[in-house]
Amino acid sequence: MTKTLPQKYPFLPTWCPGCGNFGIMNAIKMAIAKSGHPKEKFVIVYDIGCSGNMSDFLDLYGFHGLHGRALPPAAGIKLANHDLKVIVVIGDGGCYGEGATHFINLMRGNHDITVLVHDNHRYSLTTGQMSPTTDQGTATKSTPEGSIEVPMKPLALAVSNHATFIAREFSGAIPQLSARIGEAINHEGFALIDILQICSVYNPTQDLRWYREHTIGLDENHNPSDKAAAWTQAMREDKLPVGLFYKEERPAYHSLVSELKDSTLVNHNKNVVEISGLLEEYR
Amino acid sequence: MRIPNTLNWKVGGPAGEGIMTTGLIFSKALSRSGLKVFDYTEYPSLITGGHNTYQVYASEHFATSQYQELDVLIALDKATLDLHLDEITENTLVIFDKEDDKINIEEHGLNARTFNLPMVKLAQESGGSKLMANNVALGATMFVFGLDLQILFGVIESVFGRKGAEVVTKNQNAAQFGYNFMQEHLGQSLMTFVKVEGKNYLTMTGNEAISLGAIAGGLQLYTAYPMTPSSSILHVLAEKAKQADIVVKHAEDEIGVINMALGASFAGVRSMVGSSGGGFCYMSEALGLSGIAEIPLVVIESMRPGPALGMPTWTAQGDLQFIITASQDEFPRFVLSPSDSQEAFELTRLAMDLSEKYQTLVIVVSDKLLSESRFTMELDNTQFNNERHGIDKDPQLAEVGFYPRYQDTDNGISQRTIPGQPNGYYMSNSYTHDDYGFATEDGEIRVEQVDKRAKKFELMKSEILPQYFENNNGEMTLISFGSTKGAVVAARELLENNHNIKVNVLNLSWIWPFPEKQVMEVLDMNVPFAVIEGNSTGQLAKIIRMETGVKVENQLLKYDGRPFYPHEIVKFVRNTLKK
């Protein structure tokens, strides 16, 4: 290269002061360090947006995909090499809006990926438009008279649509979030953590005080294997519960692909391919 | 207007009456008789109902196209007698079942020889069911063409073998009854085809050839979403996945399809996706991702008439211009356009290699005619060696702590690492990035990376294969691409045999990088030339002008969803030359 940018690698975060992404990134780093898996076994797939800009701030294998499309490459990476730990960093817009088809379908397949949704209820990098989780009636740049849509309940969607690890955490509670990410990484299947996050610039109303008032820890009697209870909590209107809503052991997608029983796909040697056995029906 | 020692046969009837299987069995019988075949099917986009046809053209020497004038038409319903009047001549033998289909043949006013074959009755008399009536027609067909009935029996055994010996015997008996009935009433075969010994042909549709070519080229993952006429690639590969040791994923939509494949390719797996024009449109954003992140990917685009949903089960060549440029901005890509199953196999296999070698996108263009027609092909060997390209076996981190994945090189191709390798960390980035994949908005780095990728294109030009060219000292040169070659070559033969007009033929199965040198040489021959293609604006002609500066004056364009017929090209050439 003829030119090097005058800064160290990885880059220093460019997020706004007070952004929830700082906390989430630190929680991810801690979870990976504690996981015991070698660093090269991790791949993080980033969506676009403020959260996706984390791609420049971590020293891991990374794939910075297209807007709303971080989940399919993550599933593809896992199919290619199921020895890898695949984490998706994505926002509420990308996961629940633009890429909702992928979200809905890959969770049904129980693809073994950890999906961390940075949920600040706004499109922030595009300067503050409504997102799928914006409260009804909220005035934003794209909805100056207040949003008409009723917000999505992503955790209820995940409960009803067979995700096998469903949690919500708050970006400011780093140790708890980090521990939850660690559990999600170790969970063999589709793990969703909806991470409530402050955007002090484009969503100043939902600040730390707001989250203190509106979130509540799941009751210690909440049983994460009780799907009906998870549904009830996910559908609550009064508060935003945080904690592990639901967890179920079900074979991950790759473990049910018969061709992957013996080794990872990337290790299927194709240096010499003999096709005579495939030709008989064409005679 | 036909070539001697050839046969042109069609079976038509309502969907759901086994038209496709019947045609396939006859085609295989011909192939096993040592003849080359070309099979062409027509069907509407319906699950049941509608009119289906299966046409087989066969010849000892070459079979590359469907022809209009039929030797034999098997009509399994009344509609077949009315829908193919322009294919029936006084030399055509029309076979129908008066009793079962309640046909009064006089009503149809056919200027042809007609033959009432009581297919259903004979099937039942032979000890089989009504459903075996088509085998009666097949047995009768074997007699008409003087073919060996035992060869048909062999095909029936291959096709129905897994249903048990009794089913095989009953189908064979029905065929025997048809053969005997025809022998008794027709007396003499219309033609006689003696088995050509020593030939061991394969017959495949373009989609089957694409599938096997990909497998031969080291395919590991195929992802797709069904869309006619590409869907049978998904079906073939899914069915063969276990035997071929590959993974096939029917993903949620075409956007998921291509992004999943790109993720897998990033992780070191040879990946391919397939669709038709509509699905390909969905994919176009991610084509750019393949380009900027330099991720190998093979995309199959099987064209049908459009825009939008167009005509799903018909053919067209109208996506060509879009395919060579689809995506944001610019990056190097290969666009290959095989003309038949042989090339579909070879070029898809090559595509798997090229995509990895150049770390970029390779689009293989097909169309309904190629994808779903059956061609004769031969493979000299069945074992294929695949070299891996560009993966650093022992990566070292640069001083900054990352792997210089996108470092500029003499030819623009950089080494890459795959996740899981220690010391290979980099960012595979859809944003403009530096050597390590880190996003940048720096103008100088941006230019350097654009130029690095562009440099690959210069080397890619060295991969261009010689294109199909017949220099017949012709009065005119006919230029086409992809599947249109078949009809052009057939027309060349008709022109010479029947009209004493010689033409040269240039068919491009390699569109991008454009084979400029060879095309220029042909255009410089000082012979009038014409471009023949399946769209309404002359897209190949425009590309030729763009790349050579030569304006194409003569064009034959067809865009009714039907493939070119050789006689249409003959007429065009005669009109153009005023002969």
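The structure we're discussing is the one just above.
These numbers were taken from a predicted model, which means no experiment stands behind them. (Residues numbered from 1 in each chain as written. Chains lettered and ligands numbered in written order. Predicted model: local features only at pLDDT ≥ 70, side-chain atom pairs only at ≥ 80, totals over all residues. Heavy atoms only, no water.)

Draft legend 1. Molecular detail of the overall build of chain B. Counting its regular elements, chain B contains 19 helices and 22 strands. The globule rule puts the C-alpha radius of gyration for 579 residues at 25 Å, and the 26 Å found for chain B is close to it. Viewed in the frame of its principal axes, chain B has a C-alpha envelope of about 90 × 60 × 45 Å. With 579 residues in all, chain B has 64% of them scored as buried. Long-range pairs, those at least 24 residues apart, make up 74% of the contacts in chain B between residues at least 6 apart in sequence. Counting every atom, chain B has about 20900 Å² of accessible surface; 48% of that belongs to carbon and sulfur. Taken as two groups, the 49 positive and 71 negative side-chain charges of chain B have centres that lie 3 Å from each other. (Helix = DSSP H or I, 4+ residues; strand = E, 2+ residues; numbered from the N terminus. Rg over C-alpha atoms; globule rule 2.2 N^0.38 Å. Buried < 20%, exposed > 50% of the residue type's maximum accessible area, 1.4 Å probe, protein only. Contact = heavy atoms within 4.5 Å. Areas by Shrake-Rupley, 256 points an atom, 1.4 Å probe, with all protein chains shown as cover. Lys, Arg positive; Asp, Glu negative; His and termini not counted. Charge placed at Lys NZ, Arg CZ, Asp CG, Glu CD.)

Draft legend 2. A look at the packing of aromatic side chains. All told, the structure shown has 29 aromatic pairs over all chains when counted by the stated rule. Judged by centre distance (5.1 Å) and plane angle (90°), the ring pair of Tyr 9 of chain A and Phe 438 of chain B falls under edge-to-face. Linking Tyr 9 of chain A in the segment before α1 (20–35) with Phe 438 of chain B in the loop between β16 (427–429) and α15 (443–460), this pair reaches from one chain into another. The buried category is assigned to Tyr 9 of chain A, whose relative accessible area is 8%. Note on Phe 438 of chain B: relative accessible area 1%, which makes it buried. Following the ring pairs from residue to residue traces out a cluster consisting of Tyr 61 and Phe 63 of chain A together with Phe 266, Tyr 406, Tyr 425 and Tyr 426 of chain B. When the ring centre of Tyr 468 of chain B is taken as origin, the NZ or CZ atom of Lys 485 of chain B, which lies over that ring, is 3.9 Å away. One residue, Arg 562 of chain B, lies across the ring of Trp 314 of chain B, its end atom 3.7 Å from the ring centre. (Phe/Tyr/Trp six-rings, centres within 6.5 Å; stacked < 30°, edge-to-face > 60°. Lys NZ or Arg CZ within 6 Å of the ring centre and 35° of its normal.)

Draft legend 3. Inspection of helix α6 (residues 149–160) of chain B at higher detail. Residues and elements named next belong to chain B. Here α6 contains 12 residues, and its C-alpha end-to-end distance of 16 Å stays within 8% of the 16 Å for a straight helix at 1.5 Å per residue. Among the residues of α6, Leu 149, Ile 151, Leu 152, Phe 153, Val 155, Ile 156 and Phe 160 are the ones counted as buried. Regarding α6, its N-cap is Asp 148, as a side-chain oxygen of that residue lies 2.9 Å from the backbone nitrogen of Gln 150 further along. (Expected span 1.5 Å × (residues − 1). Polar contact = N/O pair within 3.5 Å; in protein donor to acceptor, adjacent residues only side chain to side chain.)

Draft legend 4. Up close: the interface of chain B and chain A. Each partner contributes to the interface: chain B provides 78 residues, whereas chain A provides 60 residues. Together chain B and chain A conceal approximately 6200 Å² of surface at their shared face, both sides included; 61% is due to carbon and sulfur atoms. When the buried area of chain B at its contact with chain A is split by residue, Glu 252, Tyr 425 and Met 427 of chain B rank highest and sum to 10% of it. The salt bridge involving Glu 281 of chain A is made with Lys 240 of chain B; its shortest N-O contact spans 2.5 Å. Of the residues forming the side of chain B that touches chain A, the biggest block, 8 residues, is contributed by helix α10 (residues 254–266) of chain B. For the side of chain B that touches chain A, the class distribution of residues is 39 nonpolar, 21 polar and 18 charged. The sheet contact formed by strand β2 (residues 61–64) of chain A and β16 of chain B spans 3 bridges and is parallel. In the sheet register, Phe 63 of chain A faces β16 of chain B, and the bridge partner there is Ser 428 of chain B. (Buried area = accessible area lost by both parts, 1.4 Å probe. Salt bridge = Lys/Arg side-chain N within 4 Å of Asp/Glu carboxyl O. Nonpolar A, V, L, I, M, F, W, Y, C, P; charged D, E, K, R; others polar. Pairing = 2+ DSSP bridges.)

Draft legend 5. Highlighting the packing of helix α2 (residues 71–80) of chain A against helix α4 (residues 100–108) of chain A. Residue and element names in this part refer to chain A. In contact at an axis separation of 9 Å, α2 and α4 are set at 35° when each is read in the N-to-C sense. Between α2 and α4, the residues in contact are Leu 71, Pro 72 and Ala 75 and His 102, Phe 103 and Leu 106, respectively. The residue makeup of the contact of α2 with α4, split by class, is 5 nonpolar, 1 polar and no charged. (Axes fitted to C-alpha atoms, helices over the stretch in contact; angles between N-to-C directions.)

Draft legend 6. Quick peek at empty space enclosed by the protein. Residue and element names in this part refer to chain B. A complete count under the given rule lists 7 cavities of 30 Å³ or more for this structure. Its volume calculated, the largest cavity comes out at about 110 Å³. Along the walls of the largest cavity sit 15 residues, with Thr 315, Ala 316, Gly 534, Arg 562 and Pro 563 positioned nearest its centre. By residue class, the composition of the lining of the largest cavity is 5 nonpolar, 6 polar and 4 charged. (1 Å grid on protein atoms, 1.4 Å probe; cavity = no way out; pocket = protein on both sides within 12 Å on 5 of 7 lines; lining within 4 Å. Points joined across faces, edges and corners; volume = space filled by probe spheres on them.)

Draft legend 7. View of the layout of surface pockets. All names here are of chain B. In this structure, the largest pocket spans a volume of roughly 1200 Å³. Taken together, 39 residues line the largest pocket, and the ones lying closest to its centre are Met 20, Thr 21, Leu 24, Glu 208 and Arg 374. Going through the elements one at a time, α1 (19–32), β2 (36–42), β3 (51–59), α6, α8 (206–216), α9 (231–244) and α14 (368–372) are the ones with two or more residues in the lining of the largest pocket. Grouping the amino acids of the lining of the largest pocket by side-chain chemistry returns 10 nonpolar, 15 polar and 14 charged.

Draft legend 8. Here's a closer look at the sheet that holds strand β9 (residues 247–250) of chain B. Residues and elements named next belong to chain B. The mixed open sheet is built from 7 strands, whose spatial order is β9-β8-β10-β11-β13-β12-β20. What marks the edges here is a single partner per strand, and that holds for β9 and β20 (510–512). Taken over all neighbouring pairs, the strand axes of this sheet differ in orientation by 20° on average, direction set aside. Across 4 bridges, strand β8 (residues 221–224) lies against strand β10 (residues 271–275) in parallel orientation. Its bridge partner lying in β10, Ala 224 is registered against Gly 274. Those strands touched by α10 are β8, β9, β10 and β11 (297–303), and its axis lies near 165° from that of β10.

Draft legend 9. Structural context of the pairing of β9 of chain B. Residue and element names in this part refer to chain B. Note that β8 and β9 share 4 bridges and pair parallel. Within β9, the residue paired with Ala 224 across the bridge is His 250. As a crossover connection, the stretch from β8 through α9 into β9 is right-handed. (Right-handed = clockwise from strand over helix to strand, strands pointing away.)

Draft legend 10. Expanded view of the pairing of strand β1 (residues 42–46) of chain A. Residue and element names in this part refer to chain A. Most of β1 is tucked away: 5 of the 5 residues are buried. The alternating pattern of β1 places Phe 42, Ile 44 and Tyr 46 on one face and Val 43 and Val 45 on the opposite face, and all of these are buried. Where β1 and strand β3 (residues 85–91) come together, 5 bridges link them in parallel fashion. Counted as the bridge partner of Val 45 is Val 88 from β3. Bridging between β1 and β2 involves 4 bridges; their strand directions are parallel. Bridging across to β2, Tyr 46 finds its partner in His 64.

Draft legend 11. Broad picture of a nonpolar patch on the surface. A cluster of nonpolar side chains, contributed by Ile 48 and Leu 125 of chain A together with Tyr 431 of chain B, occupies part of the molecular surface with about 230 Å² of accessible area. Looking at where Ile 48 of chain A falls in the secondary structure, it is placed in the loop between β1 and β2. Assessed through its relative accessible area of 31%, Ile 48 of chain A is described here as partly exposed. (Patch = residues over 30% accessible without salt bridge, like charges linked within 9 Å, V, L, I, M, F, W, Y side chains within 5 Å.)

Draft legend 12. Structural detail: the sheet that holds strand β10 (residues 240–247) of chain A. Pairing in this open sheet of 9 strands is mixed, and the strands run β9(A)-β10(A)-β7(A)-β8(A)-β4(A)-β3(A)-β1(A)-β2(A)-β16(B) from one edge to the other. The open sheet is flanked by β9 (215–217) of chain A together with β16 of chain B, the only strands paired with a single partner. Sheet twist, expressed as the mean angle between neighbouring strand axes with direction ignored, is 20°. Together, β1, β2, β3 and β4 (114–119) of chain A form the strand contacts of α2 of chain A, whose direction differs from that of β3 of chain A by roughly 180°.

Draft legend 13. Region of the structure containing the pattern of salt bridges. Residues and elements named next belong to chain A. The tally for this structure, following the rule as stated, stands at 31 salt bridges over all chains. The residue Arg 180 makes a salt bridge to Glu 183 at a minimum N-O spacing of 3.1 Å. A residue pair is termed a helical-turn pair when its members lie 3 or 4 positions apart in one helix, as Arg 180 and Glu 183 do in helix α6 (residues 174–186) at 3 residues. Exposure remark for Arg 180: the relative accessible area of 13% places this residue in the buried category.

Draft legend 14. Structural detail: the nonpolar core. Judged by nonpolar contacts, the single largest core of 173 residues is most densely connected at Val 115, Phe 190 and Ile 275 of chain A together with Met 272 and Val 299 of chain B. With 51 residues, the next largest nonpolar core counts Trp 9, Val 136, Leu 147 and Phe 193 of chain B among its residues. (Core = buried A, V, L, I, M, F, W, Y, C linked by side-chain atoms within 4.5 Å.)

Draft legend 15. Focus on the environment of Ala 140 of chain B. Residues and elements named next belong to chain B. On the secondary structure map, Ala 140 appears in helix α5 (residues 133–144). Given a relative accessible area of 0%, Ala 140 falls into the buried group. Considered as a pair, Ala 140 and Val 362 are 222 residues apart in the sequence and their alpha carbons are 47 Å apart. If near-sequence neighbours (up to four positions away) are discounted, Ala 140 is found in contact with Leu 117, Gly 178, Tyr 179 and Met 182.

Draft legend 16. Geometry of the side chain of Thr 477 of chain B. All names here are of chain B. Locating Thr 477 in the fold gives a position in strand β18 (residues 476–481). Thr 477 gets classed as buried once you look at its relative accessible area, which sits at 0%. Thr 477 has contacts with Phe 469, Asn 504, Val 522, Val 527, Pro 528, Phe 529 and Ala 530, leaving out every residue within four places of it along the chain.

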